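Single-letter residue listing:
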Amino acid sequence: MTYGCIVSMKTQSGSRDEVVSILLSAVDGLRAAGCDIYVVGLSDDDDVTIWVTEVWRTKEHHDASLTLPEARVAISKAMPMLTGEFTKQELSVVGGLGL
């Protein structure tokens, strides 16, 4: 079954746009790594929350992607701008538009 996750993260005040830029800079290799959908969204309710929605062929593909050099660089750049407040919901994706 296809693996999905929806993650929220809170940034330090004034850092949201830079973190979004970092997250989007790492998308080039995701399809080859097994990612079918990677969407970065912003909360309309505040200026510090980022939502990331991902669909992967398998959870193993997702986990392996976190070890890619470009992912590790992006993570290390973004982490100092995050508050440490995260949520994550893992999903078994059963279908939908775009899949």
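This text follows the structure it describes.
These lines cover the structure that appears in this document, whether it is placed above or below.

So, the sheet that holds strand S3 (residues 49-56)
So, step 1. One open sheet accounts for four strands, arranged S2-S3-S1-S4; its pairing is antiparallel. At either end of the open sheet lies a strand with only one pairing partner, and these are strand S2 (35-42) and strand S4 (82-93). Averaged over neighbouring strand pairs, the angle between their axes works out to 15 degrees when direction is ignored.
So, step 2. Here strand S1 (residues 2-11) runs beside S3; their pairing, made up of eight bridges, is antiparallel. Note on S3: the bridge partner recorded for Met9 is Ile50.

Here's the deal with the side chain of His62
So, step 1. Relative to the elements of secondary structure, His62 occurs in helix H2 (residues 59-65).
So, step 2. When sequence neighbours within four positions are dropped, the list of residues in contact with His62 reads Tyr3, Cys5, Glu54, Trp56 and Lys88.

Here we look at the pairing of S2
So, step 1. Pairing between S2 and S3: seven bridges, direction antiparallel. From the neighbouring strand, Val39 faces S3, where its bridge partner is Thr53.
So, step 2. Counting the residues in the hairpin turn of S2 and S3 gives six residues.

Considerations on the pattern of salt bridges
So, step 1. Summed over all chains, the structure comprises three salt bridges.
So, step 2. As a salt-bridge pair, Lys10 and Asp46 come within 3.7 Å of each other at their nearest N and O atoms. Taken as a pair, Lys10 in strand S1 and Asp46 in the loop between S2 and S3 lie far apart in primary sequence, 36 residues in all.
So, step 3. The partner of Asp63 in a salt bridge is Lys59, with the nearest N and O atoms 3.1 Å apart. Taken together, the residues Asp63 and Lys59, both in helix H2 and four residues apart, mark about one turn of the helix.
So, step 4. The class for Asp63 is partly exposed, based on a relative accessible area of 34%.
So, step 5. Because the salt bridges share partners, they merge into one network encompassing Lys59, Asp63 and Glu90.

Observations regarding the layout of surface pockets
Taking a probe equal in size to a water molecule and rolling it over the atoms shows the remaining empty space.
So, step 1. Space inside the largest pocket adds up to approximately 560 Å³.
So, step 2. Secondary-structure elements contributing two or more residues to the lining of the largest pocket are S1, helix H1 (16-25), S3, H2, helix H3 (69-78) and S4.
So, step 3. Broken down by class, the residue content of the lining of the largest pocket amounts to 18 nonpolar, three polar and two charged.

Analysis parameters
Residues numbered from 1 in each chain as written. Predicted model: local features only at pLDDT ≥ 70, side-chain atom pairs only at ≥ 80, totals over all residues. Heavy atoms only, no water. Pairing = 2+ DSSP bridges. Helix = DSSP H or I, 4+ residues; strand = E, 2+ residues; numbered from the N terminus. Axes fitted to C-alpha atoms, helices over the stretch in contact; angles between N-to-C directions. Contact = heavy atoms within 4.5 Å. Salt bridge = Lys/Arg side-chain N within 4 Å of Asp/Glu carboxyl O. Buried < 20%, exposed > 50% of the residue type's maximum accessible area, 1.4 Å probe, protein only. 1 Å grid on protein atoms, 1.4 Å probe; cavity = no way out; pocket = protein on both sides within 12 Å on 5 of 7 lines; lining within 4 Å. Points joined across faces, edges and corners; volume = space filled by probe spheres on them. Nonpolar A, V, L, I, M, F, W, Y, C, P; charged D, E, K, R; others polar.

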